[in-house]
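Summary of structural features
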Amino acid sequence: MHRPRVWDWIQRAASPAAGEGHAARERSGGWRRSAWLAGCATALVAAACTGTLGSNVDEQPPGDEQPGHEQPGEDAQCAPRLARRIVLLADLQFTNSVRALLGDAAVRADQAPDEKTKPFMKKGIVVGTSLVRTRLDAAAYAAESIGGRFEQVTGCATDGDDACARDFLTRFATQAFRRPLGAAELEDLWAVVELGKEESYQRGVMLAVEAILASPSFSYRTELGEKGSDGVVRLSPHELASELAFFLTDSQPDPDLMAAADSGALRDPAEVARQTERLLALPATRRSLSTTLLAAWGISNLFGTVKDPGMFPEYGPLLQASMFHETELFLDATLWEREADVSELLTSRETLVNGPLAEVYGVEHVGAPEEFTPVTLPADQRAGLLTQASVLATLARTDNTSVVARGLFVRGALLCLPKLPSPPESLADEVADLLSADMTERERAEARAQNSTCGACHKGIDPLGLMLENYDPLGRYRETLDGEPVDANIETNGILGMFESYANAVEFVDAIAQREDFAACLTRQLVTYGTDDDQLKPDDCQVESVINALPEGARTLPAIVKAIATSRALTERTEEE
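Since the structure is predicted, the reported quantities are computational estimates derived from the model, not experimental observations. (Residues numbered from 1 in each chain as written. Predicted model: local features only at pLDDT ≥ 70, side-chain atom pairs only at ≥ 80, totals over all residues. Heavy atoms only, no water.)

Describing the nonpolar core
- Judged by nonpolar contacts, the single largest core of 96 residues is most densely connected at W297, F508 and L522.
- Leave out the neighbours within four places in its chain, and W297 touches L331, L345, L385, F409, A413, L414, F518 and L522.
- By size, the runner-up hydrophobic cluster in this structure holds 38 residues, among which are C164, F177, L181 and L189. (Core = buried A, V, L, I, M, F, W, Y, C linked by side-chain atoms within 4.5 Å. Buried < 20%, exposed > 50% of the residue type's maximum accessible area, 1.4 Å probe, protein only. Contact = heavy atoms within 4.5 Å.)

Okay, here's the thing in structure tokens:
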């Protein structure tokens, strides 16, 4: 049987009874208030354009001084980059928030985004009809899921208790909106309850839950802030709680973080640091941050790769899953269990492999074939993340390696060097011919270097890919190709201001690990994810200030995340121009 959704009830309420006219409809304030809630499809789109959402009820008035924030000093020239704004939750964040509020039963398993494949940026999300419909449907499904567990979720009897329902909706909306609920907002919700009570008390409460989850105040978080007497806009405690939670966990603020926002304690950077340390101790936070790094590096693209079955019959979903899981375990062991310097992601020879991966790496595996056990990889063949099979297989073609793809990965994902322009369309046929020619990858690189149009850019790409030619399209180490020795020697050509020669990737990453470039890039990736600011560069003051705030010799991931959480990049905004 079709169950009316919240907008169905609004249509019924908005339709005049026989003999009623327009004036009579206008006199009915209840249906107009609830129509705001049911009109979320319009509001979701409008919010993306207007930059206004709800109100920061109970927040400190703009212009008041905030305890714990000092006036700008030496770093005053590092002005906020981002303007006041509202931020749409990513699909994973939206789904995780629904799950945090109402449990697993509130989320359709077949429509829940896979955390492993979350996008690094939300650039592809368009607030249009498709997204709005998807989120309205998700809100309806979540509300419907309460039906069989009404008392468990609401704490109210199913036969009707208005006081209990009001109390539940106040608590639920406060959690969902991540801020205190205004009195007028509660009355709007209660108007929806009254409409639903035409069928049953339980239906009324469920429709109000649906309205809350369909509201822009749930799908968006605000960064409107409070302007201090120094002219700087600082996020309110509730806005900062939301930003921290979605940065660290891709989900709602938990009760402790919300309590710190409610009390105003988050105005103090020391409390922000304490809350960050608390969250970093949680396995879910650690998994989320590791997945953020995997997203920044594009490792989940592995699952979309295909290899020539005649050349690589062993390559398939099982081996792909093994490669991906190795990198997950590697991050966990290096960054969280040992809390090593992040540079060890480039240099460590320690990893964990199962039987199929041991064959790829040419090492002995002890235990059941599916069991991941620790191994030490040959020091002259492997060095950390860059030489792991997940990376190398992702950055290869179906039947061959790809110097360009691998070089661009090193430039962009690992070192955050500036993007280079794509080849002009006029060269499309020439590029295709070059790729299909019977040549080695080094010969292709030499051909590109001789082309006046291609050479200028490729001298900053190809060396970084050629040094990985010791690894085939599956990531297996090789010293010869077609009976000839593999030449992985490179000249850096001024990349990162370096003009050295390196015999292979192992030598190069060992050298890079001694510099700040990789740590600065990793920090930039995390600040970018936390702020949605993809224009940041590793040498921008917002990133440099985080690096400079780290204790001597403590470039660990927990230290970096804590420094980001208390940085001005997360906490400050400018007025809209």
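Some points on the pairing of strand 1 (residues 85–88)
- Burial along strand 1 is two-sided: the face carrying R85 and V87 and the face carrying I86 and L88 are both buried.
- Two elements, strand 1 and strand 2 (residues 220–223), share four bridges in a ladder whose sense is antiparallel. In the strand pairing of strand 2, I86 is matched with T222. (Helix = DSSP H or I, 4+ residues; strand = E, 2+ residues; numbered from the N terminus. Pairing = 2+ DSSP bridges.)

Section: the packing of helix 15 (residues 283–297) against helix 26 (residues 517–531)
- Where helix 15 contacts helix 26, the axes come no closer than 10 Å and their chain directions differ by 105 degrees. On the basis of their axis angle, the class for helix 15 and helix 26 is roughly perpendicular. Between helix 15, through T292, L293, A296 and W297, and helix 26, the contact on the second element is made entirely by F518, L522, Q525, L526 and Y529.
- Residues of the contact of helix 15 with helix 26, tallied by class, amount to seven nonpolar, two polar and no charged. (Axes fitted to C-alpha atoms, helices over the stretch in contact; angles between N-to-C directions. Parallel < 35°, antiparallel > 145°, perpendicular 65-115°, else oblique. Nonpolar A, V, L, I, M, F, W, Y, C, P; charged D, E, K, R; others polar.)

So, the confidence of the model for the protein chain
- Of all residues in the protein chain, 86% have pLDDT values of 70 or greater, and the mean over the chain is 87.
- Here residues 48–74 is modelled with pLDDT under 50, and outside its nearest four sequence neighbours on either side it reaches 56 contacts, counting other chains as well. (pLDDT = per-residue confidence, 0-100.)

Concerning the packing of aromatic side chains
- If you walk through the whole model with that rule in mind, you get seven aromatic pairs.
- Between F120 and Y529 the ring centres are 5.9 Å apart and the planes differ by 25 degrees, which places this aromatic pair in the stacked class. Of this pair, F120 sits in the loop between helix 5 (91–102) and helix 6 (129–144) while Y529 sits in helix 26, and the two are 409 residues apart along the sequence. Each member of the pair, F120 as well as Y529, is classed as buried.
- On the numbers, 6.0 Å between centres and 75 degrees between planes, the contact of F150 with Y201 is edge-to-face. Of this pair, F150 sits in helix 7 (residues 150–154) while Y201 is found in helix 10 (residues 201–214), placing the two residues 51 residues apart along the sequence.
- A relative accessible area of 9% means that Y201 is categorised as buried.
- The ring centre of W190 lies 4.7 Å from the NZ or CZ of R166, which sits over that ring.
- Positioned over the ring face of Y315 is K307, at 5.7 Å from the centre of the ring. (Phe/Tyr/Trp six-rings, centres within 6.5 Å; stacked < 30°, edge-to-face > 60°. Lys NZ or Arg CZ within 6 Å of the ring centre and 35° of its normal.)

Some remarks on the state of the cysteines
- With the rule as written, the count across this model stands at three disulfides.
- Put simply, C78 and C541 are joined by a disulfide, and their sulfur atoms are 2.1 Å apart. One disulfide, between C78 and C541, carries an S-S torsion of 85 degrees and so falls in the right-handed class. On the criterion of sequence distance, the pair formed by C78 in the loop between helix 4 (40–50) and strand 1 and C541 in helix 27 (residues 541–549) is long-range, its members being 463 residues apart.
- Assessed through its relative accessible area of 10%, C78 is described here as buried.
- Residue C541 is classed as partly exposed on the basis of its relative accessible area, which comes to 29%.
- Paired by a disulfide, C416 and C521 hold their sulfur atoms 2.0 Å apart. In this structure the cystine formed by C416 and C521 twists about its S-S bond by roughly 70 degrees; its chirality is therefore right-handed. A residue pair is termed long-range when its members are at least 10 positions apart, and C416 in the loop between helix 20 (403–414) and helix 21 (428–436) and C521 in helix 26 qualify at 105 residues. One exposure class covers both C416 and C521, and it is buried.
- If one numbers only the bonded cysteines of the protein chain, in the order they occur, the disulfide pattern is 1-6, 2-3, 4-5. (Disulfide = S-S within 2.5 Å.)

A look at the sheet that holds strand 3 (residues 226–227)
- Strand order in the open sheet made by the three strands is 3-4-11, with antiparallel pairing throughout. The sheet terminates laterally at strand 3 and strand 11 (572–573), the two strands that pair on one side only.
- One ladder, built from two bridges, connects strand 3 with strand 4 (residues 233–234); its direction is antiparallel. Bridging from a neighbouring strand, E226 pairs with R234 of strand 4.

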